[in-house]
Amino acid sequence: MFTVQVKRLCVYTAGSPINNRALFPCQEPPVAMSTWQATVRAPSECVVLMSGEEMAVPTKDGDTHFLVWNYYVTMPMPASTFTLAVGHWHRVTAETFPALETEDEELSVTDYSAMLDDGTSCSHSDYPCRFTELSAWSQRVIPHRVFSPVCLLQKAQMSILKLLPCCLAAAHAVLGVHPFPRLDVLIVPAGFSSLGMASPHIVFLSQSVLDAGSPSSAESSLSLCGSRICHEIAHSWFGLVIGARDWTEEWISEGFATCLEDTIWAQTQKFSSQERSEQFDLKALLRWRRLSDEMQNSKEELQILRPNMEKTGQVSESGSSTVKHALNPEKTFMQVHYLKGYFLLRFLASEVGEQEFIDFLRMFVRKYHGHLILSQVRVFRLVPLCSRKSLTLADIYTDWLDRPGIPEWLHERSAVWSHTRLVEEVREEVIKWILFSRTHQGKGRKRKRLKPKTNFKELTADQLVLLLELLLEEPELSAASMHALHKIYNLHRQDAEVRHRWCELVVKHAFTQGYADVEYFLLHDQAMGVYLYGELMLQEGLRTAGSGSPLPLSSCRGNGPVSVQSGGGDDPVTLEVAETLSGSRTHLFFWDTEHQPSKLFTQGCYFLIL
């Protein structure tokens, strides 16, 4: 993807399981693994980052104003793991942060030696493997760097660079040796189409995960950033050093990374057992609500984790294989492989016990690193631990992998998650806000603002997400209550997940004073802008900036233009509302009214061309 940032060109791209040969000539099936080396010639003012094993030191290209960068990998990997970024990146310099404390549970060097001699040997192809190096086992924090555009250096320093070593140490405590010897993290421009993308030795992170500067507790304001870092770090083990042999089984990568992000983040935060349990349950409820909504508004064929069922991993007589639903545009926006995969693992952990589950993952990584696997292998290895509960492999296939919809266990557990302490606190606040709205109908536009007399409780970022989701279910909220919500919780300065729900409320209730927040969100949080769900259904539209009456978006569904003012100039920008998916999901994207870009909608992102 090419992008322009302060009139400076940059390019960044990650490999793709589908049509990766458009990036460079290669065989696309994941089993076609290979090593590679690359030489990149770039202008001297640019920095070249790639998925290579060593931190490249550029050399001059004769008398030209170009530098030459060399990267290589020795671990055979699928071609889709290749990653490249060239741009005017700046390295984020470190301040002095508190030294990492020695964990009480950290293994000694003698313990690491015992693990190397536990009888589990590497069974992958021959390459320099960190799992056989004693020094790698004891390296809690691998060498790491953070790069960003110059305008984001301070934010990246106070969030990414501050959290990264703690998250790396926590991941080591949970899963053991880091599979790769180093890590670069790049904050990519706003047009990046997801919150993060992990590749060997390098991670792309969206600007949306950076600390928004909330005056609330530092722990809460960094929650999205920290959990996303943990998610991408988890991919080093599940998704990269152990990958799926069949691209249709994305849950093997995303389900495990989603599950482990909670465990690693809890380790980073040093939560007590009770805090850990409460946070896990709150996260589970939020994901349950998201999955439930997706199941109600998607085709059943897209809800199956193992769409090829018993034929998963098979190839034709000619050696070719197909990826079911690979080019289906609806699948791009679905999170079922993240969420249903995550809940399958939560189910298995509840059957065997939390610590036994983590021990199993460490053993599994030790045995299968360097391999591509199928879900049959992974689940089969875990089921014997559940035998005392009469759980069979066939049960898991039937309930979780080969059937659409939501398993019965998940319905039962969601009722439990809905009545935990953190959730009850949110429900109490919801009642307060509903009463406040009913007693302040029509009072929001007085010259003197009414100050809420109700004592509202301070909430964490995840609790705020739940609060706003529950308020979204209310048919009506007064303008006074919307104004009070915004002011009391400083919603414009919360993380992107919270602001996402706030934007839904703004549009649903036509809260014109919040339209600037919606515009800002669409411009600066493009990774999440495409997921503006529509229980809101966009009942009323954005008011043309500085002009007359609001235009109902309900009359514009299906490519109806709504004019809004761009934040960067005087030219109007057209907003298209295209409900290309079934159910309530709506995609929004911008383009300049005087230009015709070659691509308006690609890979789940929209492009803003000013």
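Notes on the structure follow. Since we're looking at a predicted model, the values are computed, not measured. Here the residue numbers are simple positions, counted from 1 along each chain's written sequence. In keeping with the model being predicted, local features are shown solely for residues with a pLDDT of at least 70 and side-chain atom pairs are shown and tallied solely at 80 or more, while totals for entire chains, interfaces and linings include all residues. By convention in this description, side-chain values take in all heavy atoms of the structure and omit both hydrogens and water.

### Examining the environment of leucine 472
Applied cut-off: Here a strand is any run of E in DSSP of at least two residues, a helix any run of H or I of at least four, and the numbering for each starts at the N terminus.
Summarising the element assignment, leucine 472 is placed in helix H14 (residues 461-472). Taking the C-alpha atoms as reference points, leucine 472 and arginine 501, 29 residues apart in sequence, are found 8.2 Å from one another.

### Brief notes about the sheet that holds strand E10 (residues 183-187)
To keep things clear, this is the line we draw: By the convention used here, strands pair only if DSSP detects at least 2 bridges between them. Contacts are residue-level and defined by heavy atoms, with any inter-residue pair within 4.5 Å sufficient. Angular values range over 0 to 180 degrees, each being the angle between N-to-C directions of two axes fitted as lines to C-alpha atoms, with helices fitted over their stretch in contact.
Here we have 5 strands laid out as an open sheet, ordered E8-E9-E10-E12-E11, and mixed in their pairing. One side of each edge strand has no neighbouring strand; the edge strands of this open sheet are strand E8 (90-91) and strand E11 (196-199). Across 4 bridges, the pairing between E11 and strand E12 (residues 202-205) is antiparallel. Across the sheet, the residue bridging to methionine 197 is phenylalanine 204, located in E12. Each of E8, strand E9 (144-148), E10 and E12 is contacted by helix H3 (residues 153-175), which is oriented at about 155° to E9, the strand it contacts most.

### Some thoughts on the nonpolar core
Heads up, the condition is: Residue types Ala, Val, Leu, Ile, Met, Phe, Trp, Tyr and Cys, when buried and joined through side-chain atoms within 4.5 Å, form a set referred to as a nonpolar core. Categorising residues by exposure relies on relative accessible area from a 1.4 Å probe, with only protein chains included: less than 20% of the type maximum marks a residue as buried, more than 50% marks it as exposed, and the intermediate range marks it as partly exposed. Boundary definitions for the domains trace back to an automatic or database domain assignment.
Counting 130 residues, the largest nonpolar core has Ile160 and Leu467 as the members making the most contacts within it. With 11 residues, H3 is the largest single contributor of residues to this core. Both domain 1 (243-309 + 333-419) and domain 2 (429-443 + 453-545) contribute no fewer than three residues apiece to this core. Counting residues in hydrophobic clusters, the runner-up holds 28 residues, among them Trp36, Val40, Met50 and Phe82.

### Remarks on unusual backbone geometry
In this model, histidine 201 sits at a positive phi of 75°, which is unusual for a non-glycine residue. Following the sequence through the fold, histidine 201 ends up in the loop between E11 and E12. Residue class for histidine 201 comes out buried when judged on its relative accessible area of 3%.

### A word on the pairing of E12
Burial of the side chains of E12 extends over both faces: Ile202 and Phe204 are buried on one face and Val203 and Leu205 on the other. Pairing between E10 and E12: 4 bridges, direction parallel. For valine 185, the partnering residue across the bridge sits in E12 and is valine 203. Here E11 folds back onto E12, and the loop between the two strands holds 2 residues, one of which, histidine 201, carries a positive phi near 75°.

Remember that the coordinates give geometry; whether it matters functionally is a separate question.
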